[in-house]
Structures are given as C-alpha cells and as structure tokens.
Amino acid sequence: MDEFLNTVDILDALLPLSDCSEDLDDVDADPDFEVSSDEDDRRTPRKIQQPVYAKLDPSQVTDSSSDEDENIPPPSPQPGEPDLGSCAKVVVRLSRCISPQNHQLYMDNFYTTVPLVVHLAKRNVHALGTVRRDRVPGNNLPSPSEFQAKERGFSTEKCAKVEEVELSLVAWQDNKCVTLLSSFVGIGKQDKVGRYCKKTRSIKEINCPQVVNTYNQHMGGVDKINSILGRYKIRMKTRKWYMRLFYHLLDVTMCNSWLLYQRVCKEKGKVTLPLAEFRESVALTMCKLGAKQPLKRGRPSTELDVALQSKAKKPHVSAIPPKDMTRHHATGSADIDCPSSLSQ
C-alpha cells in the first residue's frame, strides 16, 4: 500500500470529488423536496488545493489541542450575506443552491440560531431544527429540572416576532426535554405516539406536537445514516487525512448498499442479512474476486486421466468369505474348511 501511495498523487485522485461538489452548487434544488443538514456536513471540504509550504517564525507557532474540525477555516461569505458565525456560515453556504420557492430546511442543534432562521426566512426558505436554550435569549421556558417533574408528553410554546419574522419555540418532554425552533410550524395538532413505560412495563401513548412529527419525518434519514455508520465503522488509525476520508467513503458506500439490499429483498420477499453479516459477505467476496487457482505442473489432464486417477484412489477391498464353511458328506459327517496355516 505504501509503495502505491508513493507513486500516485493522492490529491489528483481526490480532485474529482471536489469538482463534483462544485458542479452541485450550480444546480437548483427541487421545490418538492425538503433539505436536511447535520453536524457531519461541516467535515466536508469545500475545495482541495495543492499544498503550499512556507517558513514560519518559531515564535508564531502555538500549541493547539483543539479538534481537527475546529482548525478548518470557515467559508467566507459572499457579498450581501451577513456574518452569522462559523456554524451558521456552513448552512448559508450549503443553502446557496436552494432557490427561494418556499423550501423547508431542517437542521441539527449544532447549527440552529435565531439570526440564521431569520436570515433564511427573508430568503423565503423556512427552517426548523432543534436548538440549544442558551442560543435563544429571553425564552422564558421552564428550567430542565421543572420539565423533569412534568409528565411525559408535556409541551409548551413561546412565539415571538424578530425582524418581521414570526418564530415558534416549542419545548417537549420525552425522555428529556427537547427544544425546537421553527419559522413555519408550532405545536399545532398533537398526535399520539407510543413510548415504553418502565413502571408498567408496557407501551404508553403520550402527546406529541406537530413540530416534532415534522422534524422526525424529514430529519430521520440523516440521523439514520449516522446511526448505521456508528455501528460498524473502520477504526484503523492513521495520521494521513486522505486515508480517513477514504475510509469514510467506504463506510457510507457500504451503508447505502445495505439499505438498497434491504429494499430489494423486501420487494422480493426474501430474508435479509444483518449489517455485520452483510459487510462480512462483501469482504469475503472482494477477497475472492480475481483470485486464480494455482496451476498444476505437467501436461493438462483429460477426462480419461481423471477417471483413472479417481479409480486408482479407491481402496482395495478383499473378498468376503462365505458364511457357511462346512461340507456335508453322504455318510452324515461334516468337514470344516480351515486355512492352510491352521491345518499345519
């Protein structure tokens, strides 16, 4: 592997991936689809550039123990875009390809802020996402300890208008308190969902706001792929960043293949394999792919040679002696045949 990596420029091999991401920026999203964004999107590089080396003054070098993702510089805003922070810049950059046609954008609490939701609403893009309480100043919601005292399924809503944009902040008590911020949906019509109760050891129905159902319906795909990736992941340690990217692409490809495999088996009514057995079967198949049997020395054997060899391999079977070894005479006497070695 090291010899192969030394002969191939890894950046040249990964540049087509960046070219594909640049081409996607010119494509308008379909207005019939909802868009979701998760915290893993911040790991996607915008553009892979050739490495540039420069001499640094030792006094300018500082020791940084932060994570690698925090060292990645945030994308620069375009003219007319506000500076909403490093987290919100990622969503603003990814939403540039969305045409302003009443789209719905779903995001995780890593990104959701009040200025970001207001900015998207002004572009006619509705937003919904889980939010951290400290990012919503003056929310006047009950404290987490007060929510724990409430029964499961309790919810409350706070509405406000920020820069002529109506916002809805909903807090819902499930296993823990869940807070969501939206510009187009609130508590609305509450449905019933089943939750397991430890006291009664049975399924109990609780109230669920409309904003929670909407979020779970459209954000479930992003959370699902993250959940599948976390089960069985390539954990080979390496200091080369491009190998980590390669391992991640393999994991994503394997998860998508397993989901397609489940869909096909469901349509044909076949039993599906678990993810671990599916990965194992794919690995064994790829190891055997292109493998050649060792060649035998000598001239190639014909059908007659194979038949003679199989016949020669059969063990020699001695004749079975008869069960009755006595001879009867006319006088009524009987003789017993014995081997010559015993008669001596």
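Residues numbered from 1 in each chain as written. Predicted model: local features only at pLDDT ≥ 70, side-chain atom pairs only at ≥ 80, totals over all residues. Heavy atoms only, no water.

(A) Just the pattern of salt bridges, in detail. In this structure the tally under the stated criterion is six salt bridges. A salt bridge links Glu81 to Arg96, with the shortest nitrogen-to-oxygen separation between them at 3.2 Å. Of this pair, Glu81 sits in the loop between α3 (68-71) and α4 (86-94) while Arg96 sits in the loop between α4 and β2 (103-107), and the two are 15 residues apart along the sequence. Arg96 gets classed as partly exposed once you look at its relative accessible area, which sits at 31%. The residue Asp174 makes a salt bridge to Arg195 at a minimum N-O spacing of 3.3 Å. Residue Asp174 is located in the loop between β5 (165-173) and β6 (177-182), and its partner Arg195 is located in strand β7 (residues 191-197); the two are separated by 21 residues in the primary sequence. (Salt bridge = Lys/Arg side-chain N within 4 Å of Asp/Glu carboxyl O. Helix = DSSP H or I, 4+ residues; strand = E, 2+ residues; numbered from the N terminus. Buried < 20%, exposed > 50% of the residue type's maximum accessible area, 1.4 Å probe, protein only.)

(B) Structural view of the layout of surface pockets. Each pocket or cavity is described by its volume, and for the second largest pocket that value is around 340 Å³. Every residue lining the second largest pocket is counted, 14 residues in all, and those nearest its centre are Glu151, Arg152, Cys197, Lys204 and Ile206. Among the elements of the structure, β7 and β8 (202-208) are those that each provide at least two residues to the lining of the second largest pocket. Among the residues forming the lining of the second largest pocket, the class breakdown is four nonpolar, two polar and eight charged. (1 Å grid on protein atoms, 1.4 Å probe; cavity = no way out; pocket = protein on both sides within 12 Å on 5 of 7 lines; lining within 4 Å. Points joined across faces, edges and corners; volume = space filled by probe spheres on them. Nonpolar A, V, L, I, M, F, W, Y, C, P; charged D, E, K, R; others polar.)

(C) Spatial organisation of the environment of Asn256. One can find Asn256 in helix α8 (residues 241-268). As a C-alpha pair, Asn256 and Ile228 span 28 residues in sequence and 9.7 Å in three-dimensional space.

(D) Here's a closer look at the pairing of β6. Pairing between strand β3 (residues 125-130) and β6: three bridges, direction antiparallel. Bridging from a neighbouring strand, Gly129 pairs with Leu181 of β6. Sheet topology places β5 next to β6; six bridges connect them, and they run antiparallel. Looking at the pairing, Val170 lines up with Leu180 of β6. (Pairing = 2+ DSSP bridges.)

(E) Main features of the nonpolar core. Ranked by internal contacts, the top residues of the largest apolar core, which has 25 residues, are Val91, Met107, Leu116, Leu120, Leu167 and Leu181. Elements with a contribution of two residues or more to this core: α4, β2, α5 (114-122), β3 and β5. Tallying contributions element by element places α5 first for this core, with five residues. With 14 residues, the next largest nonpolar core counts Val193, Ile206, Cys208 and Val212 among its residues. (Core = buried A, V, L, I, M, F, W, Y, C linked by side-chain atoms within 4.5 Å.)

What is shown is where atoms sit, not what they do.
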